[in-house]
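What the coordinates show
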Amino acid sequence: MTWFASPPVGYFIDRFGCRIASFLGGLLCIVGLLSTSFVPSLSYMYFTYSLVFGVGGCFLYNSCYLALARYFKRNLSLATGIVAMGTSLGLTFQCPLLQSLLDSYGWRTTVRVMTIFFTLVCLLSLTYNPNVDETPAEENVNNSINKDNDDNALNNKKIAIYCSVWLFPTYAFVVISLMFGSFGIYVPFIYLVCNTWLVVTHCDTFSLVRDH
């Protein structure tokens, strides 16, 4: 959903701003995680986690990078690289913590604890300045919109601009590839952890038998 819901989320961000979109995304993530912790079967998780939590993550992901374009003009590339690096650093510390919670309290309690992180995200999203300079693309859109006072025509122009990006073959290919690639991107990580656990377990068992 992070990639699939990006066009309508991008339109929402342009209309209401990054701060509201980020706060709404954090709320959706909290609702999705809390509801997931109470589901009786995997079938319900397709809605609570995949849909609700996924759309919330889409709001957070897009509003974060769009806010960078509004805050930084000269060092945009450097700022984007630092933010992208923060994702990997966060996973480095988050994964061992979540694994400890899983081993101690189970997955339902762990999912509920995860809502604390997104509560912090909601609070931090309020620090976004809604009055930062607009990007040049937005200025061009607004200049063309100001010439027309009809609200319906205004919205139609904006929607047409967002949909026009799909006319670029490179953009369409990359986005579609990322969307389908997300279905299998985490499979190697899961099997890597499982295989490592099996190797460690067998090694410990062999050492225990050998010592006796």
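Throughout what follows, the structure given in this document is the object of discussion.

Scoring rules and cut-offs
Residues numbered from 1 in each chain as written. Predicted model: local features only at pLDDT ≥ 70, side-chain atom pairs only at ≥ 80, totals over all residues. Heavy atoms only, no water. Helix = DSSP H or I, 4+ residues; strand = E, 2+ residues; numbered from the N terminus. Contact = heavy atoms within 4.5 Å. Areas by Shrake-Rupley, 256 points an atom, 1.4 Å probe, with all protein chains shown as cover. Axes fitted to C-alpha atoms, helices over the stretch in contact; angles between N-to-C directions. Parallel < 35°, antiparallel > 145°, perpendicular 65-115°, else oblique. Nonpolar A, V, L, I, M, F, W, Y, C, P; charged D, E, K, R; others polar. Left-handed = near helix turned anticlockwise from the far one by under 90°.

With respect to the overall build of the chain
- Summing up its helical and strand segments, the chain has 9 helices and 0 strands in all.
- Sequence-ordered secondary structure for the chain, helices as α and strands as β, is α-α-α-α-α-α-α-α-α.
- Considering only intrachain contacts with a sequence separation of at least 6, the fraction spanning at least 24 residues in the chain is 72%.
- Within the structure as shown, the chain displays about 14600 Å² of accessible surface, and the carbon and sulfur contribution to it stands at 70%.

Thoughts on the packing of helix 1 (residues 6-16) against helix 2 (residues 18-36)
- Relative to each other, helix 1 and helix 2 sit at 130 degrees, their axes nearing to 7 Å. The orientation of helix 1 with respect to helix 2, classified from their angle, is oblique. In this structure, helix 1 uses Phe12, Ile13 and Phe16 to contact helix 2, whose residues at the interface are Cys18, Ile20, Ala21 and Leu24.
- By residue class, the composition of the contact of helix 1 with helix 2 is 7 nonpolar, no polar and no charged.

Remarks on the packing of helix 4 (residues 76-105) against helix 5 (residues 107-125)
- Contact geometry of helix 4 with helix 5 gives a least axis separation of 8 Å together with a crossing angle of 145 degrees. Handedness of the crossing formed by helix 4 with helix 5: right-handed. In this structure, helix 4 uses Leu97, Leu98, Leu101, Leu102 and Tyr105 to contact helix 5, whose residues at the interface are Trp107, Thr109, Thr110, Val113, Met114 and Phe117.
- Classifying every residue of the contact of helix 4 with helix 5 by side-chain character gives 9 nonpolar, 2 polar and no charged.

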